[in-house]
Amino acid sequence: MKKNLMTLAATAALAVTMLTSCATINSGAALAEKAPIGQKVGEAKSTYFLGLWSSKGEQNNIKQAADNGGIKKVTQVEYVDQAILGGLFIKHTTRVYGE
């Protein structure tokens, strides 16, 4: 009985860990101190599997995000990463601001 309870607790802890997600945002705030953020926003998104394969290849970069937003002059860059299922999948977004 006690062994089954320990197994159940360990399984529940593993399931909770695997089903949680977290997100980080890395901002180029230093650029914004010298220039206004800008009125336009562009994004480029991709999903990584196991940290090895990307759904978009190398298309998730600052240039692609700027092109998607019609931005010619970039004033700020943000990178947003969201880990899903304990990092099994990672949604990566490059967001740029400018004119």
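Up top is the structure.
Here the structure is a predicted model, which means the values were calculated and not measured.

*Asks:* Where do I start with the overall build of the protein in this structure?
*Replies:* Within the protein, the secondary structure is distributed over three helices and five strands. In sequence order, the secondary structure elements of the protein are arranged as α-β-α-β-β-α-β-β. The 99 residues of the protein split such that 20% are buried. Pairs at least 24 apart in sequence give 66% of the contacts found in the protein among residues at least 6 apart. As displayed, the protein has an accessible area near 7000 Å², and 62% of this comes from carbon and sulfur atoms.

*Asks:* Sorry if this is basic, but what is going on with the side chain of H92 here?
*Replies:* Assignment of secondary structure puts H92 in strand β5 (residues 89-98). A distance of 2.3 Å separates polar atoms of two side chains, one belonging to H92 and the other to D81. Only 3.4 Å separates the side chain of H92 from the side chain of T94, close enough to count as a polar contact. When sequence neighbours within four positions are dropped, the list of residues in contact with H92 reads A44, K45, S46, Y48, N60, Y79, V80 and D81.

*Asks:* Can you walk me through the pairing of β5 in this structure?
*Replies:* Successive residues of a regular strand alternate their side chains across the two faces of the sheet. Note that strand β2 (residues 40-49) and β5 share ten bridges and pair antiparallel. By the bridge assignment for β5, E43 is matched with R95. Both strand β4 (residues 74-84) and β5 contribute to a ladder of ten bridges, which runs antiparallel. Residue D81 lies in a different strand from β5, and its bridge partner there is H92. Counting the residues that bridge the hairpin from β4 to β5 gives four residues, and of these L85 lies at a positive phi of roughly 55°.

*Asks:* How do you make sense of the packing of aromatic side chains when you look at a structure like this?
*Replies:* This structure, assessed with the given rule, holds one aromatic pair. A centroid spacing of 5.4 Å and a plane angle of 85° characterise the contact between F49 and F89, whose relative ring orientation is edge-to-face. Here F89 lies in strand β5 and F49 lies in strand β2, a separation of 40 residues in the sequence.

*Asks:* In this structure, what is going on with the environment of D81? I would like to understand it.
*Replies:* Tracing the backbone shows D81 in strand β4. Spatially, the C-alpha atoms of D81 and K91 are 5.6 Å apart, while their sequence positions differ by ten residues.

*Asks:* Would you take a moment to explain the pattern of salt bridges for this structure?
*Replies:* Inspection of every chain in the model, using the stated rule, returns four salt bridges. The partner of K63 in a salt bridge is D67, with the nearest N and O atoms 3.0 Å apart. In this pair, K63 and D67 are both assigned in helix α3 (residues 62-69), four residues apart and thus about one turn of the helix distant. Residue K63 is classed as exposed on the basis of its relative accessible area, which comes to 58%.

Rules behind the numbers
- Residues numbered from 1 in each chain as written.
- Predicted model: local features only at pLDDT ≥ 70, side-chain atom pairs only at ≥ 80, totals over all residues.
- Heavy atoms only, no water.
- Helix = DSSP H or I, 4+ residues; strand = E, 2+ residues; numbered from the N terminus.
- Buried < 20%, exposed > 50% of the residue type's maximum accessible area, 1.4 Å probe, protein only.
- Contact = heavy atoms within 4.5 Å.
- Areas by Shrake-Rupley, 256 points an atom, 1.4 Å probe, with all protein chains shown as cover.
- Polar contact = N/O pair within 3.5 Å; in protein donor to acceptor, adjacent residues only side chain to side chain.
- Pairing = 2+ DSSP bridges.
- Phe/Tyr/Trp six-rings, centres within 6.5 Å; stacked < 30°, edge-to-face > 60°.
- Salt bridge = Lys/Arg side-chain N within 4 Å of Asp/Glu carboxyl O.

In short, the description is geometric, and any link to function would need to be established separately.
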